[in-house]
Amino acid sequence: MAILGTRFRDFDVEREVLGAVDLTPGRGANPDEILTVASEADVILAGAAPRFDAETLAALSCRGIVRLGVGVDGVDVPAAGSLGIWVVNVPDYGTDAVALHTVTLVLASLRRLTTADRHLRSAKWGVSELRPLHLTGSLTVGVVGFGRIGSRVAEILAGIGFGSILVSDPAVSAEEVASVLGEGTARLVTVE
């Protein structure tokens, strides 16, 4: 098994999960690097960087490519299919991490955290320059996009207690929003 194009330096977690599998890492920055590391691999785990065009795929002997992320745009999927190579991804990769980061930024902004930090570091104390301080129950928050990440962000914000959540996504219905957030708290709106 080959693992290409990840930013990780060790693969202890992968080795623990996969067991007694020979795992060969590499950058996979170009077709030559891909073939040097992965030409004999049965399965390739690939980060975002490696690009598998039809010519590179034809030179591989693998049965599958697992894209360690949400997309497969770095793989010529029709060419892989014609060669009998399975291509899969990890559709929930990063959903919770990105959602949590987004909510963290919302709350930091709401509480003017960077301004408060600057004041504290310059030996100022107090909240007068941070006013008005709002409670989440009195606020409306907007979420643009209600896919995996957007809906998770909205769930967390609802759990924190925002008074109203406006969701804008032309690909979802009011019923879908209500099924995730419940009736009454959220409303489907246009971006305008």
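Each remark here, short or long, concerns the structure printed above.
Quick caveat, the model's predicted, so the values are computed rather than measured.

Conventions we followed
- Each chain has its residues counted from 1, running along the sequence as written.
- For a predicted model such as this one, the threshold for reporting local features is a pLDDT of at least 70, and the threshold for listing and counting side-chain atom pairs is 80 or more; totals across whole chains, interfaces and linings nevertheless cover every residue.
- Think of the side-chain values as coming from all heavy atoms in the structure, minus any hydrogens and water.
- Two strands qualify as a pair provided that DSSP identifies no fewer than 2 bridges between them.
- The helix count covers DSSP runs of H or I at least four residues long, the strand count covers runs of E at least two residues long, and both are numbered beginning at the N terminus.
- Every axis in this analysis is a line fitted to C-alpha atoms, fitted for helices over the stretch in contact. Angles between the N-to-C directions lie between 0 and 180 degrees.
- A pocket here means an open set of points on a 1 Å grid, computed over the protein atoms alone, that has protein on both sides within 12 Å along at least five of seven lines. A cavity is instead a set of points where a 1.4 Å probe fits but cannot get out; residues with an atom within 4 Å of a point line either one.
- Grid points are joined across faces, edges and corners, and a volume is the space filled by probe spheres set on the points.
- Under the scheme applied, nonpolar residues are Ala, Val, Leu, Ile, Met, Phe, Trp, Tyr, Cys and Pro; charged residues are Asp, Glu, Lys and Arg; polar residues are all the others, including Gly.
- Patch criteria: residues need more than 30% relative accessible area and no salt bridge. Like-charged residues are merged within 9 Å; nonpolar side chains of Val, Leu, Ile, Met, Phe, Trp and Tyr are merged within 5 Å.
- Calculation of accessible area relied on Shrake-Rupley with a 1.4 Å probe; when residues are assessed, cover is drawn exclusively from the protein chains displayed.
- By salt bridge we mean one thing: a side-chain nitrogen of Lys or Arg within 4 Å of a carboxyl oxygen of Asp or Glu.
- A simple rule labels every residue: compare its accessible area, found with a 1.4 Å probe on the protein chains alone, to the largest value its type can have, and call it buried under 20%, exposed over 50%, or partly exposed in between.
- We call two residues contacting when some pair of their heavy atoms lies within 4.5 Å.
- A helix's residues, less one, multiplied by 1.5 Å, set its expected span.

*Asks:* Any chance you could explain the sheet that holds strand E1 (residues 2–4) here in plain terms?
*Replies:* Two pairing modes exist for strands in a sheet, parallel and antiparallel, and in both the strands are linked by backbone hydrogen bonds. The sheet built from 5 strands is open, its strands ordered E2-E1-E3-E4-E5 with parallel pairing. What marks the edges here is a single partner per strand, and that holds for strand E2 (24–26) and strand E5 (86–89). Pairs of neighbouring strands in the sheet enclose a mean axial angle of 20 degrees, with direction left out of account. With 3 bridges connecting them, E1 and strand E3 (residues 43–46) associate as parallel partners. From the neighbouring strand, alanine 2 faces E3, where its bridge partner is isoleucine 44.

*Asks:* Would you take a moment to explain the layout of surface pockets for this structure?
*Replies:* In this approach the atoms are scanned with a rolling probe the size of a water molecule, which exposes any empty space left behind. Of the pockets and cavities examined, the largest pocket occupies roughly 240 Å³. If you trace the largest pocket, you find it lined by Gly5, Thr6, Arg7, Phe8, Glu14, Gly47, Ala48, Arg67, Leu68, Gly69, Val90 and Tyr93. Looking at the lining of the largest pocket residue by residue, the class counts come to 5 nonpolar, 4 polar and 3 charged.

*Asks:* In this structure, what is going on with a nonpolar patch on the surface? I would like to understand it.
*Replies:* Taken together, Phe8, Val70, Val90 and Tyr93 make up a surface patch of nonpolar side chains, about 350 Å² in accessible area. Its location among the elements puts tyrosine 93 in the loop between E5 and helix H5 (95–110). Classification of tyrosine 93 as partly exposed rests on a relative accessible area of 41%.

*Asks:* Would you explain the sheet that holds strand E6 (residues 140–144) in this entry?
*Replies:* Strand order in the open sheet formed by 3 strands is E6-E7-E8, and the pairing between neighbours is parallel. The sheet is open, and its two borders are formed by E6 and strand E8 (186–188), each paired with just one other strand. Adjacent strand axes in the sheet meet at a mean angle of 25 degrees, parallel and antiparallel pairs treated alike. Note: E6 against strand E7 (residues 164–168), 5 bridges, orientation parallel. Opposite valine 144, over in E7, you have serine 168 as the bridge partner. This element, helix H7 (residues 148–160), spans E6 and E7 of the sheet and lies at about 165 degrees to E6. Helix-sheet contacts for helix H8 (residues 174–181) involve E7 and E8, and the interaxial angle to E8 is about 160 degrees.

*Asks:* Quick question: what am I supposed to make of the pattern of salt bridges here?
*Replies:* Side chains carrying opposite charge are able to pair once their charged atoms draw close together. Counting across every chain of the model gives 5 salt bridges. Among the ionic pairs, arginine 152 bridges to aspartate 96, the shortest N-O distance being 2.9 Å. Taken together, the positions of arginine 152 in helix H7 and aspartate 96 in helix H5 put the pair 56 residues apart, joining distant regions of the chain. Arginine 152 gets classed as partly exposed once you look at its relative accessible area, which sits at 29%. For aspartate 96, a relative accessible area of 48% puts it in the partly exposed group. In this structure, aspartate 117 and arginine 121 form a salt bridge, with 2.8 Å as the shortest nitrogen-oxygen distance. Here arginine 121 and aspartate 117 lie together in helix H6 (residues 113–121), a separation of 4 residues that amounts to about one turn. When salt bridges that share partners are traced, they join Asp96, Arg152 and Glu155 into one network.

*Asks:* Mind showing me how you'd approach H7 here?
*Replies:* In an α-helix, one turn spans 3.6 residues; hence positions three or four apart end up facing the same way. With 13 residues, H7 extends 19 Å between its outermost C-alpha atoms, agreeing within 8% with the 18 Å of an ideal straight helix rising 1.5 Å per residue. Turning to H7, its buried residues are Gly150, Ser151, Val153, Ala154, Ile156 and Leu157. Looking at the buried positions of H7, the neighbouring elements they touch are H5, E6, E7 and H8. Positive backbone phi, approximately 105 degrees, marks glycine 161, located one or two places after H7.

Any functional reading would require information that these geometric values do not contain.
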